[in-house]
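# Secondary and tertiary structure notes
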Amino acid sequence: MKVRILVSFKNSVLDPQGQTVKNALLTLGYGFVKDVRQGKVFELDLEGIDEAEARRLIPEIADKVLANPIIEKFSWDIMP
Amino acid sequence: MRFGVVVFPGSNCDSDTLHALRDVLNQDAVFLWHKDHDLKGVDCVVLPGGFAHGDYLRSGAIAKFSPLMREVGEHAARGGLVLGICNGFQVLLELGLLPGAMLRNKNLKFLCRFVTLRVENERTVFTNRARKGQVLRIPIAHFDGNYYAPPKVLDDVERNSQVVLRYADEQGRLTEEANVNGSMRSIAGLVNKAGNVMGLMPHPERAAEALLGGTDGRVILESVIRGRAS
Amino acid sequence: MIDDRILKDHNLTRDEFKLIVKLVGREPNLTELGIFSVMWSEHCGYKSSRVHLKKLPTKGPAVIQGPGENAGVLDIGDGLAVVFKIESHNHPSFIEPYQGAATGVGGILRDIFTMGARPIAVMDSLRFGPPDQPKNRSIMEGVVSGIAGYGNSFGVPTVGGEVYFDAGYAQNPLVNVFCLGLVQKDKIFYAKTDGVGNAVLYVGAKTGRDGIHGATMASAEFGKETEHKRPNVQVGDPFKEKLLLEACLEAMERGLIVGIQDMGAAGLTCSTSEMAAKSGTGIEVDLDLVPQREAGMTPYEIMLSESQERMLMVARPERVADVQAIFAKWDLDAVVIGKVVEGGRLKVRFHGDEVIDLPVDAIVNLCPAYKRPSVKPKPAKAAGKGAPVSLPDNFSKAFLKLLASPTIADKEWIFRQYDHMVQTNTAFLPGADAAVLRLKGSRRALAASLDGNSLHTRLDPKTGGAAAVAEACRNLACVGARPIGVTNCLNFGNPEKPEVMGQFEAVIEGMIEACKAFAIPVTGGNVSFYNDTEGTSINPTPVLGVVGIIEDIDKAVRPGFKAAGDVVVLLGETKDEIGGSEYLKAVHGREDGPAPRLDLAVEKKVQELCLEAAGLGLLQSAHDLSEGGLAVALAESCFHGRKGLGCVVDLEAGLRPDALLFGESQSRIVVSLRPTDLNRLLELARERKVRAAAIGKVYGESIVLSQAGKKLVDVTVREAFKAWKNAIPDLFKIHA
């Protein structure tokens with residue numbers, strides 16, 4: 001089972017990398033880009049647990065290890 | 001005073017810190033291995049600079065799971081002294097021993113240079129050799145030193161006088177230019193509420209000998225050696 | 001089976017192949033051919049350069065190890081030795097600037113700690129295309145962050161270096177990385193296998209398909225493997241390298257290993273065969289035991305992979321468990337993959353079959369050396385072939401323009417991205433004439449400098465080669481250090497072009513003369529040929545790295561003016577030379593003319609005078625004159641000194657004013673000293689027959705330069721500083 005977890009800055013936290021990418025896109029003429037937020041993607045390959053247990057443990061892993069809840073939020077899904 | 005300098009895989013200021021404490025300031029200082037469960041009876045635990053675990057997830061994020069961190073947490077809870085320098089500060093934030101988090105520097109580049117800092121609170125165990133408002137010249141060297149905390153936390157921290165050092169210009173004024181990494185409220189160093197745990201981004205061990213360009217870092221280290229909050 | 005196309009893909013000639021067949025006693029299989037291909041390449045085998053490099057002076061009383069090992073080693077007394085080397089990573093840095101530069105740093109660090117030394121400093125010589133073009137800026141930005149990303153994390157300070165900009169480097173940037181390490185004299189390790197029966201251990205990162213010679217992929221015979229094609233880019237892992245450093249040094253400290261070699265270029269092939277060849281033994285390896293990152297790798301790929309952060313070690317069988325325990329402590333694997341055997345052959349097994357059986361001597365030592373045809377270069381004559389250089393209307397403006405030219409402008413934007421202070425030995429900040437590193441627990445200090453002016457070298461290759469050595473030594477003299485040894489990185493175009501080979505030979509000749517004049521041995525180096533784009537070669541670019549010693553760090557001369565009222569003295573002679581100068585390039589857009597001449601005897605005397613004066617404590621500051629000449633050297637002495645100090649200087653009549661201010665005559669140093677010390681210095685200069693003239697004083701807040709009372713330049717230090725300081729950051733502001 002493969003799980004993809006997306007970690008990005010909370011909306012209240014300034015994301016200077018995202019801002020820089022946005023400015024670059026605007027300079028290149030993509031004026032329709034309103035905002036850019038940069039994040040990290042983790043792909044976990046799981047073995048030996050069922051989906052229900054995975055659904056319970058993934059948020060725990062994300063909250064405890066992969067994201068810093070002070071500045072980051074996360075979302076996740078089980079990959080088909 | 002007995003100091004213990006924690007060695008994580010990827011620490012790279014561990015020897016520098018030991019050198020400053022032991023060879024320059026003549027203190028009893030030993031290394032503590034991150035996989036052990038032994039603080040070797042030290043009075044002050046120092047988490048040194050570097051790239052613990054390569055800083056690969058986030059700065060300091062994996063180091064917080066090192067076995068020795070349990071003892072460090074207990075030591076801090078007992079009122080024992082803990083000093084986190086640079087990467088060590090980041091570890092303390094990840095551990096939750098200090099409030100807040102670090103973001104990438106505002107210019108998105110690693111920054112190594114001398115900076116000037118204003119002493120905000122001279123009554124901590126880490127600053128008792130300083131005067132309030134004194135300007136210290138100490139180097140920084142980091143990529144993630146842009147301090148962040150939610151507004152409510154910042155207000156708490158200010159109210160409790162936990163902010164110990166701020167980035168300032170040579171006259172001690174807080175300016176945008178002097179706030180080199182973009183830290184909220186120019187915060188460069190913090191203590192916990194109890195005052196026994198301090199984290200700072202500048203490297204006092206790099207400013208302990210005149211030969212290396214300055215000795216202001218001693219103000220911090222010698223304050224700890226003097227060992228009392230005045 | 002081996003046809004011309006396969007040979008071409010492997011960069012081997014038909015004659016070389018015939019030699020291989022003769023040495024092996026049969027036709028090699030494809031994997032074996034791959035091995036010869038990399039070991040007999042220009043990079044590993046020094047085919048075109050060896051006959052010339054052999055002439056370099058490599059002997060000296062302090063030499064513990066000359067060329068031929070991972071790095072050179074010099075005795076510095078007190079039971080200590082320095083280990084140092086410079087390497088190029090030019091091509092990879094153009095393909096992928098960040099990883100190219102990062103792995104360049106990683107490679108040279110391994111060269112140093114393989115010998116048992118802890119790396120204590122890195123310096124870089126970087127050459128890019130003009131930074132006003134976005135593409136060049138992006139390469140520069142990537143290279144600088146790559147060096148920073150690797151070195152900062154590893155924990156080695158990047159303490160200095162040089163950066164030049166020239167259109168010739170736009171498609172072919174140069175990234176030369178120098179590393180200096182420190183080791184106890186009795187703890188030096190070499191690439192050797194020693195006794196038969198010893199275990200061969202693989203340590204560090206797993207092997208993937210990184211950096212495998214393009215030739216691999218071109219062989220359609222590989223069938224099912226070709227879909228696994230990977231880009232040639234190697235990715236560095238500085239954290240793993242840091243662990244590898246600590247684990248290796250710990251195993252060495254405890255005397256647990258007999259030999260060690262890093263897996264750099266040609267990976268497992270090079271390390272296994274070189275170690276065996278050096279000890280006159282054979283070596284047997286089972287590839288199924290090699291830790292692999294990817295599935296389905298062939299013997300060819302495993303043997304030629306250039307995955308980073310790997311080492312090969314040899315240990316006595318009874319020590320293997322101890323070695324493995326140390327590596328486990330640092331979260332690293334140490335796997336026995338083979339053993340040392342008699343017989344001088346490299347034997348490799350894969351899935352139970354013997355896939356390689358070659359004589360190591362043939363692989364390592366019998367690569368043919370060529371004396372390629374060359375055309376002796378003619379040094380450039382008078383500037384502009386009759387088109388005279390007009391004097392600038394406004395010298396102040398020309399001066400500011402020169403200060404803002406990227407090659408001369410301040411490089412803080414670059415070096416503040418490097419941790420230049422970690423290890424707390426960096427006594428002088430980057431930007432000084434030479435890097436100065438204190439030795440903890442000693443009064444003595446180390447100094448190092450990198451140099452090479454490629455424009456001068458193009459105009460006059462022999463003088464350029466000699467001047468690179470001379471200038472690096474002069475930089476050391478300016479901080480008060482005496483040179484003890486030199487390493488070199490020779491960046492040239494295609495050696496099959498007789499003009500390029502002619503440049504190469506001339507540069508070597510120049511280097512030989514200079515090294516002999518300074519009595520310093522060459523302890524190693526690196527040659528990078530084929531720096532060509534669309535048939536055009538780069539300017540010949542020798543980069544010389546010289547290491548020196550300061551006997552008493554308290555007498556090291558710090559850069560920059562110290563006090564108003566100090567006297568400014570110019571050591572050496574200014575000649576009517578503007579050829580090949582940065583002034584000619586930046587102000588007049590010309591790169592012609594004869595390069596400045598160099599008289600090694602004069603050079604030596606000037607440096608000796610500077611060293612003696614430094615030792616006597618007479619010098620408040622000293623600065624070498626190079627790009628931008630006297631005017632720029634004076635300005636930099638103001639910028640590096642006490643804030644805001646200016647100077648007032650009046651020069652003799654006679655020479656063209658632009659040659660006087662901006663010309664790049666060799667063998668000159670500008671010093672400042674207390675007025676009370678002036679007579680003493682002038683007296684020493686007379687004794688040593690060195691020209692020395694008091695030309696002005698540290699004074700006021702402006703830089704005022706006159707000739708025979710006629711004011712040429714009058715600029716406030718603040719304005720000059722701004723031009724110099726902001727030039728490079730301003731270029732990057734556009735997209736910041």
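Our subject is the structure listed above.
Predicted model, so just to flag it, every value in this text is computed and none were measured.

### Remarks on the packing of aromatic side chains
Tallying each qualifying case throughout the model produces 17 aromatic pairs over all chains. Taking 4.9 Å as the distance between ring centres and 70° as the angle between the ring planes, the aromatic pair formed by Trp33 of chain B and Trp330 of chain C counts as edge-to-face. Of this pair, Trp33 of chain B sits in strand β2 (residues 28-33) while Trp330 of chain C sits in the loop between α13 (320-329) and β11 (334-341), each in a different chain. With a centroid separation of 6.4 Å and an interplanar angle of 25°, the aromatic rings of Phe395 of chain C and Phe662 of chain C are classed as stacked. In this pair, Phe395 of chain C is assigned in helix α15 (residues 395-403) and Phe662 of chain C in helix α23 (residues 657-662), connecting sequence segments 267 residues apart. Judged by relative accessible area, which is 0%, Phe662 of chain C ranks as buried. Each residue in the set Phe395, Tyr583 and Phe662 of chain C is aromatic and connected to the rest through ring pairs, giving one cluster. One residue, Arg104 of chain B, lies across the ring of Phe143 of chain B, its end atom 3.8 Å from the ring centre. Taking the ring centre of Phe114 of chain B as reference, the NZ or CZ of Arg137 of chain B above it sits at 4.0 Å.

### Regarding unusual backbone geometry
Residues and elements named next belong to chain B. Positive phi, close to 55°, is recorded for His53, a residue that is not glycine. Mapped onto the secondary structure, His53 falls in the loop between β3 (44-47) and α2 (68-77). In this structure, Leu108 is a non-glycine residue whose phi angle is positive, near 60°. Turning to its location among the elements, Leu108 is positioned in the loop between β5 (101-103) and β6 (111-119). In this structure Leu108 comes out as partly exposed when scored by relative accessible area, which is 22%.

### Digging into helix α8 (residues 134-154) of chain C
A rise of 1.5 Å per residue sets the reference length of α8 of chain C, with its 21 residues, at 30 Å; its end C-alpha atoms lie 30 Å apart and thus fit the reference within 8%. Of the residues flanking the end of α8 of chain C, it is Gly155 of chain C, one or two places downstream, whose phi is positive at about 95°.

### Concerning the interface of chain B and chain C
Listed as interface residues are 28 residues of chain B and, on the opposing side, 32 residues of chain C. Between chain B and chain C, roughly 2500 Å² of surface is buried when both sides are summed, and carbon and sulfur atoms account for 60% of that area. On the chain B side of the contact with chain C, Lys109, Cys112 and Leu211 of chain B bury the most area, a combined 23% of that side's loss. The interface formed by chain B and chain C holds four salt bridges in total. Of the charged contacts in the structure, one is a salt bridge between Arg206 of chain B and Asp419 of chain C, with a shortest N-O distance of 2.9 Å. Counting across the interface, chain B meets chain C through 13 residue pairs in polar contact (both at pLDDT 80 or more). Ranked by the residues each element gives to the side of chain B that touches chain C, the list is headed by β6 of chain B, at four residues. When grouped by side-chain class, the residues that make up the side of chain B that touches chain C number 13 nonpolar, seven polar and eight charged.

### Focus: the environment of Lys187 of chain C
Residues and elements named next belong to chain C. When you line up the elements, Lys187 lands in the loop between β6 (174-184) and β7 (199-204). On the accessibility criterion, Lys187 (24% relative accessible area) is partly exposed. Residues Lys187 and Asp393, spaced 206 residues apart in sequence, show a C-alpha to C-alpha distance of 62 Å. If we skip the residues at most four places from it in the chain, Lys187 touches Met115, Gly116, Met252 and Glu253.

### Let's talk about the sheet that holds strand β23 (residues 647-651) of chain C
Residues and elements named next belong to chain C. A sheet is described by the order of its strands in space; here seven strands give the open sequence β22-β24-β21-β25-β23-β26-β27, paired in mixed fashion. Of all the strands in the sheet, just β22 (621-624) and β27 (710-716) have a single pairing partner and so form its edges. When the angles between neighbouring strand axes are averaged without regard to direction, this sheet yields 20°. Pairing geometry for β22 and strand β24 (residues 669-673), over four bridges, is antiparallel. Across the sheet, residue Asp624 finds its bridge partner in β24, namely Ile669. Across the sheet, α15 lies against β26 (702-707) and β27, angled at about 45° from β27, the strand it touches most.

### So, the side chain of Glu636 of chain C
Residues and elements named next belong to chain C. Within the secondary structure, Glu636 sits in helix α22 (residues 629-639). Despite its burial, Glu636 remains without a salt bridge, the nearest opposite charge being carried by Lys411 at 7.1 Å. The contact partners of Glu636, leaving out residues within four places of it in the chain, are Ile408, His623 and Trp724.

### So, the interface of chain A and chain B
With 17 residues of chain A at the contact, the number on the chain B side is 13 residues. Here chain A meets chain B over a buried area of about 1200 Å², counting both sides, of which 67% is carbon and sulfur. Where chain A meets chain B, there are one salt bridge. Counting across the interface, chain A meets chain B through five residue pairs in polar contact (both at pLDDT 80 or more).

### Regarding the state of the cysteines
All names here are of chain C. Enumeration over the complete set of coordinates arrives at zero disulfides over all chains. Of the cysteine sulfurs around Cys248, a residue in no disulfide, the closest is that of Cys179, at 14 Å. With no disulfide of its own, Cys478 has Cys610 as its nearest cysteine by sulfur position, at a separation of 5.0 Å. On the accessibility criterion, Cys478 (1% relative accessible area) is buried.

### Quick look at the packing of helix α7 (residues 97-113) of chain C against helix α10 (residues 238-253) of chain C
All names here are of chain C. One way to put it is that α7 packs onto α10 with a least axis distance of 11 Å and a crossing angle of 5°. Regarding the angle of α7 to α10, the classification is roughly parallel. Between α7, through Gly106, Leu109, Arg110 and Phe113, and α10, the contact on the second element is made entirely by Glu241, Leu244, Leu245, Cys248, Leu249 and Met252. In the contact of α7 with α10, the residues fall into seven nonpolar, one polar and two charged.

### As for the side chain of Thr407 of chain C
Residue and element names in this part refer to chain C. For Thr407, the position within the fold is in the loop between α15 and α16 (412-415). Classification of Thr407 by relative accessible area gives buried; the value is 10%. In this structure the side chain of Thr407 is engaged in a polar contact, spanning 3.1 Å, whose partner is the backbone nitrogen of Phe165. In this structure Thr407 touches Val163, Tyr164, Phe165, Glu582 and Glu627, once residues within four positions along its chain are discounted.

### Some details on the pairing of β3 of chain B
Residue and element names in this part refer to chain B. Every second residue of β3 is oriented toward a common face, with Cys44 and Val46 on one face and Val45 and Leu47 on the other, all of them buried. Sheet topology note: the strand β1 (residues 2-7)/β3 ladder contains three bridges and is parallel. Bridge assignment links Phe3 to a residue of β3, and that residue is Cys44. Taken together, the four bridges between β3 and strand β4 (residues 81-85) define a ladder with parallel strand orientation. Looking at β4, one finds that Val46 is bridged to Leu83. Handedness of the crossover joining β3 and β4 through α2: right-handed.

### Some words on the environment of Leu28 of chain A
Here Leu28 of chain A is to be found in the loop between α1 (16-27) and β2 (39-45). As a C-alpha pair, Leu28 of chain A and Leu6 of chain A span 22 residues in sequence and 27 Å in three-dimensional space.

### Some remarks on the pairing of β27 of chain C
Residues and elements named next belong to chain C. In terms of strand pairing, β26 meets β27 through six bridges, oriented antiparallel. Bridge pairing in β27 links Val704 to Asp714. Taking the residues that link successive antiparallel strands as the turn, the β26-β27 hairpin has two residues, and the phi of Ala708 there is positive, at about 45°.

### Re α7 of chain C
The end-to-end C-alpha distance of α7 of chain C, which contains 17 residues, comes to 25 Å, matching closely the 24 Å that a straight helix rising 1.5 Å per residue would cover. Among the 17 residues of α7 of chain C, 16 are classified as buried, and the element is accordingly described as predominantly covered.

### A word on the pattern of salt bridges
Residues and elements named next belong to chain C. A complete count under the given rule lists 69 salt bridges over all chains for this structure. Linking Lys85 and Asp111 is a salt bridge whose minimum nitrogen-to-oxygen distance equals 3.8 Å. Of the two residues, Lys85 is situated in strand β3 (residues 80-88) and Asp111 in helix α7; the sequence distance between them amounts to 26 residues. Considered together, Lys85 and Asp111 belong to a single accessibility category, that of buried residues.

The rules we used
Starting afresh in each chain, residues are numbered from 1 along the sequence in its written order. Here the convention is simple: chains get letters from A, ligands get numbers from 1, in the order in which they are written. Where local features are concerned, this predicted model is filtered to residues with pLDDT of at least 70; where side-chain atom pairs are given and counted, the filter is 80 or more; whole-chain, interface and lining totals use all residues. For side-chain calculations, the full set of non-hydrogen atoms in the structure is used, while hydrogens and water are omitted. For this analysis, a ring pair means two rings from Phe, Tyr or Trp (six-membered ring only for Trp) whose centres lie within 6.5 Å, classed as stacked if their planes differ by under 30 degrees, edge-to-face if by over 60, and tilted for the remaining angles. Strands are runs of DSSP state E lasting at least two residues, helices are runs of H or I lasting at least four, and both sets are numbered from the N terminus onward. Throughout this description, buried means an accessible area under 20% of the type-specific maximum (1.4 Å probe, protein chains only), exposed means over 50%, and partly exposed covers the range between. In this scheme, Lys NZ or Arg CZ marks a charge over a ring once it lies within 6 Å of the ring centre and within 35 degrees of the ring normal. Under the convention used throughout, the expected extent of a helix is 1.5 Å for every residue step, that is, one less than its residue count. It only takes one pair of heavy atoms within 4.5 Å for two residues to be counted as in contact. The buried area of a pairing is the accessible area, by a 1.4 Å probe, that goes missing from both parts when the two are put together, added over both. A pairing counts as a salt bridge when a side-chain nitrogen of Lys or Arg comes within 4 Å of a carboxyl oxygen of Asp or Glu. Two N or O atoms form a polar contact when they lie within 3.5 Å of each other; inside protein one atom must be a possible hydrogen donor and the other a possible acceptor, and for residues adjacent in sequence the pair counts only when both atoms belong to side chains. Classification convention: Asp, Glu, Lys, Arg as charged; Ala, Val, Leu, Ile, Met, Phe, Trp, Tyr, Cys, Pro as nonpolar; all other residues, Gly among them, as polar. In this analysis, strands are considered paired if DSSP registers two or more bridges between them. Think of each axis as a best-fit line through the C-alpha atoms, taken over the contacting stretch in the case of a helix, with angles from 0 to 180 degrees between the N-to-C directions. For this count, His and the chain ends are skipped, Lys and Arg are scored as positive, and Asp and Glu as negative. The term disulfide is used for any two cysteine sulfur atoms that are within 2.5 Å. Any angle that falls under 35 degrees is termed roughly parallel, while one over 145 is termed roughly antiparallel, one within 65 to 115 roughly perpendicular, and all others oblique. Convention used here: a crossover is right-handed provided that the path from the first strand, over the helix, to the second strand proceeds clockwise when the strands point away from the viewer.

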